[in-house]
Amino acid sequence: MKIGFLQLRPKFGEVKENVRSALSLLKNVSDATIVLPELFNTGYLFRNLEELKELAEPINRGYTVPALKKVAKQRGLNLAFGMAEVKNRKYYNSSVLITAKGKVYSYQKTHLFDREKLFFQPGTKAYQIYPVDGTKLGMMVCFDWIFPEVTRILALKGAQIILHPANLILPWGQDAMRTRSIENRVFSITANRIGTEKRGNLSLSFSGRSQIVDPKGNILASAGERSESLKIVEIDAREAQDKMVTANNDLFKDRKVSLYKSLVGRNTG
Ligand code: ACM
């Protein structure tokens, strides 16, 4: 199957322009699973809740999802991307997966980064697997990378490919995702954004270097730090089913779960 990322430089607040620009960069792509960045349609740096209220959309009834769904169905694309979601007057930093058959799945980011905590609610639903054409996909959003539990749970549930829309700011996200792939023997696709957002006295720069990593940690494709970039590779997702690290080490069976109980409690200090 073909998997890829579209690294973008969204313009804050320009939802229609951002969606059209992404679709134009995808105009020659068909029959592939493509990941776009976190909040790719709105931009990232909300100054206050009012700005978020202006730009957030319900998953199925806004501009973004219907526009992408039409193209996904026409061209056999599975599209994963981040957007600001409003649901029951609450706001979530969500990732959405639209399949080529027009099914829409979503995940509300559970680990909010820095000022995101001022406006967004953290998601509380269990991490899920999305079966698409016989392949099991898992989804997370950006800062979830620093919580290895997320990828581990998705992998234990059978994920073969982790879809990871991102707006990476800290310098370690790409390296950590390579480790997430190695320690779980899964493919990961990190679609990051580039550029600097300056909003009032706030400013943030995003680090690009989107990447596709295979279950042994090989980087199959990567982007630079400065340009928009589309990269697609051909993979066999079944490679992620082989959890044998050596002839005598099965990554999942070798876990010592009876020794890990403190992992699921609160910090004891
Ligand atoms: C992030 O989670 N966007 C850093």
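Parameters at a glance
- Residues numbered from 1 in each chain as written.
- Predicted model: local features only at pLDDT ≥ 70, side-chain atom pairs only at ≥ 80, totals over all residues.
- Heavy atoms only, no water.
- Helix = DSSP H or I, 4+ residues; strand = E, 2+ residues; numbered from the N terminus.
- Expected span 1.5 Å × (residues − 1).
- Buried < 20%, exposed > 50% of the residue type's maximum accessible area, 1.4 Å probe, protein only.
- Arc of directions from axis to C-beta.
- Phe/Tyr/Trp six-rings, centres within 6.5 Å; stacked < 30°, edge-to-face > 60°.
- Lys NZ or Arg CZ within 6 Å of the ring centre and 35° of its normal.
- Axes fitted to C-alpha atoms, helices over the stretch in contact; angles between N-to-C directions.
- Parallel < 35°, antiparallel > 145°, perpendicular 65-115°, else oblique.
- Left-handed = near helix turned anticlockwise from the far one by under 90°.
- Contact = heavy atoms within 4.5 Å.
- Nonpolar A, V, L, I, M, F, W, Y, C, P; charged D, E, K, R; others polar.
- Pairing = 2+ DSSP bridges.
- Core = buried A, V, L, I, M, F, W, Y, C linked by side-chain atoms within 4.5 Å.

A.B. asks: Please clarify how helix α6 (residues 173-184) should be interpreted in this entry.
C.D. replies: For an α-helix, the turn length of 3.6 residues means that residues three or four places apart are oriented alike. Under the 1.5 Å per step criterion, the end-to-end length of α6 is 16 Å for 12 residues, consistent within 8% with the ideal 16 Å. Of all the residues in α6, the buried ones are Gly173, Gln174, Ala176, Met177, Arg180, Ser181 and Asn184. For α6, the angular spread of buried residues about the axis comes to 160°, placing them on one side. Arg185 occupies a position one or two residues after α6 and carries a positive phi of about 50°.

A.B. asks: Got a minute to help me understand the packing of aromatic side chains in this structure?
C.D. replies: Here the distance between the centres and the angle between the planes together describe a pair of aromatic rings. Under the defined criterion, the tally for this structure stands at 9 aromatic pairs. Measuring from centroid to centroid gives 5.6 Å for Tyr44 and Phe206, while their planes differ by 75°, and the two rings are edge-to-face. Residue Tyr44 is located in the loop between β2 (32-35) and α2 (49-55), and its partner Phe206 is located in strand β11 (residues 202-207); the two are separated by 162 residues in the primary sequence. Residue Tyr44 is classed as buried on the basis of its relative accessible area, which comes to 8%. Grouped by ring-pair contacts, the aromatic residues Phe113, Phe143, Trp145 and Phe147 constitute a single cluster. The ring of Phe12 has Arg199 sitting right over it, with the charged end atom 3.8 Å from the ring centre.

A.B. asks: Would you mind showing me how to read the packing of helix α1 (residues 15-25) against helix α3 (residues 64-75) here?
C.D. replies: When two helices pack together, their arrangement is given by the angle between their axes and by how far apart the axes lie. The geometry of α1 relative to α3 is characterised by a closest axis approach of 10 Å and an angle of 15° between their N-to-C directions. Taken together, the axes of α1 and α3 are roughly parallel relative to one another. Where α1 crosses over α3, the two elements pack in a sense that is right-handed. Counted together, Val15, Val19 and Leu23 of α1 and Thr64, Ala67, Leu68 and Val71 of α3 form the full contact between these two elements. Residues that form the contact of α1 with α3 fall into these classes: 6 nonpolar, 1 polar and no charged.

A.B. asks: In this structure, what is going on with the sheet that holds strand β5 (residues 104-108)? I would like to understand it.
C.D. replies: Two modes of strand pairing occur in sheets, parallel and antiparallel, and in both the strands are linked by backbone hydrogen bonds. Taken in spatial order, the 6 strands line up as β5-β4-β3-β2-β1-β14 in an open sheet, and their pairing is mixed. Each of the sheet's edge strands pairs with one partner strand only, and the pair in question is β5 and β14 (229-234). Between one strand axis and the next, the sheet turns through 25° on average, direction left out of account. Of the strands in this sheet, β3 (77-87), β4 (90-98) and β5 are in contact with α3, which crosses β3 at around 170°.

A.B. asks: Is there a simple way to think about the nonpolar core in this case?
C.D. replies: Taken as a class, soluble globular proteins show a tendency for nonpolar side chains to be buried jointly. Ranked by size, the top nonpolar core spans 81 residues in total, and within it Leu36, Phe46, Phe81, Leu97, Ile161 and Leu163 carry the most contacts. Top element by residues in this core is β3. It accounts for 6 residues. When near neighbours in sequence (up to four residues on either side) are disregarded, Leu163 contacts Thr33, Val35, Ala80, Leu97, Leu137, Gly138, Met139, Met140 and Ile189.

A.B. asks: Honestly, unusual backbone geometry in this entry has me stumped. Any pointers?
C.D. replies: Peptide bonds are, in most cases, trans, and in most cases residues other than glycine have a negative phi. In the Ramachandran plot, Cys142 falls in the positive-phi region, its phi being about 25° despite a non-glycine side chain. One non-glycine residue, Arg209, lies in the positive phi region at around 50°. Here Arg209 shows up in the loop between β11 and β12 (211-213). Classification of Arg209 by relative accessible area gives partly exposed; the value is 29%.

Bear in mind that shape data such as this cannot, by itself, settle questions of function.
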